[in-house]
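# Residue-level structural notes
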Amino acid sequence: MPSENETADDSRQVSRSIVESACEAVIFADRDGAVRLWNRGAELIFGYAAAEVLGGSLDRIIPERLQRAHHDGFRAAVDSGRTRHTDRVLTTRSIHKNGSKLYVDLSFGLVRDAAGAVLGAYAIGRDCTARHLAEAALKARVAELEGRAPAQVQV
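Residues numbered from 1 in each chain as written. Predicted model: local features only at pLDDT ≥ 70, side-chain atom pairs only at ≥ 80, totals over all residues. Heavy atoms only, no water.

### With respect to the side chain of Thr 129
Mapped onto the elements, Thr 129 comes out in helix α5 (residues 129-148). Among the residues examined, Thr 129 registers a relative accessible area of 14% and is labelled buried. Once residues within four sequence positions are removed from consideration, Thr 129 is found in contact with Lys 101, Leu 102 and Tyr 103. (Helix = DSSP H or I, 4+ residues; strand = E, 2+ residues; numbered from the N terminus. Buried < 20%, exposed > 50% of the residue type's maximum accessible area, 1.4 Å probe, protein only. Contact = heavy atoms within 4.5 Å.)

Structural data, given as structure tokens:
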């Protein structure tokens, strides 16, 4: 029968394996905003190898016009110990390494140490560019058709 330490080590290894092999982006930035975790999914979605990103800022994947809001929100969450986006998935703009624009569904949370102090924040994301563009095209088409439709007769 494995010891408690062996079971905990096995559990940590399973968790690491899941995070590393997932096709969803799993990103962690420390309290200072430095990227400390960038998994295979993040590499696939954003085009940057972990070695290019680790220790640096997330600015390379955030459109310039959204960077201030990101920094303000990140700082507020880390300082207060709360995020406005807990238990929600947000669709946001991002940038691929090749410069192409992306839409990404992201969920966010804070990581705490054993004493409850905030160590940083994580994001888990999935590229939703194709879905977002298809929905936008559908909405545009519906609006176009509604504009051409004859007025409804009120009864």
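On we go.
### Concerning the layout of surface pockets
Where empty space is left in the structure can be found by rolling a water-sized probe over the atoms. Here the largest pocket is characterised by a volume of approximately 800 Å³. Along its surface, the largest pocket is lined by 31 residues, and Ala 69, His 70, Phe 74, His 85 and Phe 108 are the ones closest to its centre. Secondary structure elements with two or more residues in the lining of the largest pocket: β1 (25-30), α4 (64-80), β3 (90-95), β4 (101-112) and β5 (118-127). Take the lining of the largest pocket: its biggest share by element is eight residues, from α4. Within the lining of the largest pocket, the residues separate by chemical class into 20 nonpolar, eight polar and three charged. (1 Å grid on protein atoms, 1.4 Å probe; cavity = no way out; pocket = protein on both sides within 12 Å on 5 of 7 lines; lining within 4 Å. Points joined across faces, edges and corners; volume = space filled by probe spheres on them. Nonpolar A, V, L, I, M, F, W, Y, C, P; charged D, E, K, R; others polar.)

### So, the packing of aromatic side chains
If you walk through the whole model with that rule in mind, you get one aromatic pair. The lysine or arginine in question, Arg 60, covers the ring of Tyr 48, its NZ or CZ lying 5.1 Å from the ring centre. Directly above the ring of Tyr 103 sits Arg 93, whose terminal nitrogen or CZ lies 4.3 Å from the centroid. (Phe/Tyr/Trp six-rings, centres within 6.5 Å; stacked < 30°, edge-to-face > 60°. Lys NZ or Arg CZ within 6 Å of the ring centre and 35° of its normal.)

### Quick look at the sheet that holds β3
Pairing is antiparallel across the open sheet formed by five strands, whose spatial order is β2-β1-β5-β4-β3. Each of the sheet's edge strands pairs with one partner strand only, and the pair in question is β2 (35-38) and β3. Across the sheet, the mean angle from the axis of one strand to that of its neighbour is 35°, orientation sign disregarded. The pairing of β1 with β5 spans six bridges and is antiparallel. By the bridge assignment for β5, Asp 30 is matched with Gly 120. Seen against the sheet, α4 touches β1, β3, β4 and β5 and runs at an angle of roughly 125° to β3. (Pairing = 2+ DSSP bridges. Axes fitted to C-alpha atoms, helices over the stretch in contact; angles between N-to-C directions.)

### A word on the environment of Gly 125
Summarising the element assignment, Gly 125 is placed in strand β5. Owing to a relative accessible area of 2%, Gly 125 belongs among the buried residues under this scheme. If we ignore the near neighbours within four places in the chain, the residues touching Gly 125 are Glu 24, Ala 25, Ile 45, Val 104, Asp 105 and Leu 106.

### Notes on the nonpolar core
One finds Ile 27, Trp 38, Phe 46, Leu 58 and Ile 61 to be the most contacted residues of the largest nonpolar core, which totals 24 residues. In terms of residue count, the dominant contributor to this core is β4 (four residues). Not counting chain neighbours up to four residues away, the residues in contact with Ile 27 comprise Val 35, Leu 37, Trp 38, Ala 42, Phe 46, Leu 58, Ile 61, Ala 121, Tyr 122 and Ala 123. (Core = buried A, V, L, I, M, F, W, Y, C linked by side-chain atoms within 4.5 Å.)

### Considerations on unusual backbone geometry
One non-glycine residue, Asp 87, lies in positive phi territory at about 65°. One can find Asp 87 in the loop between α4 and β3.

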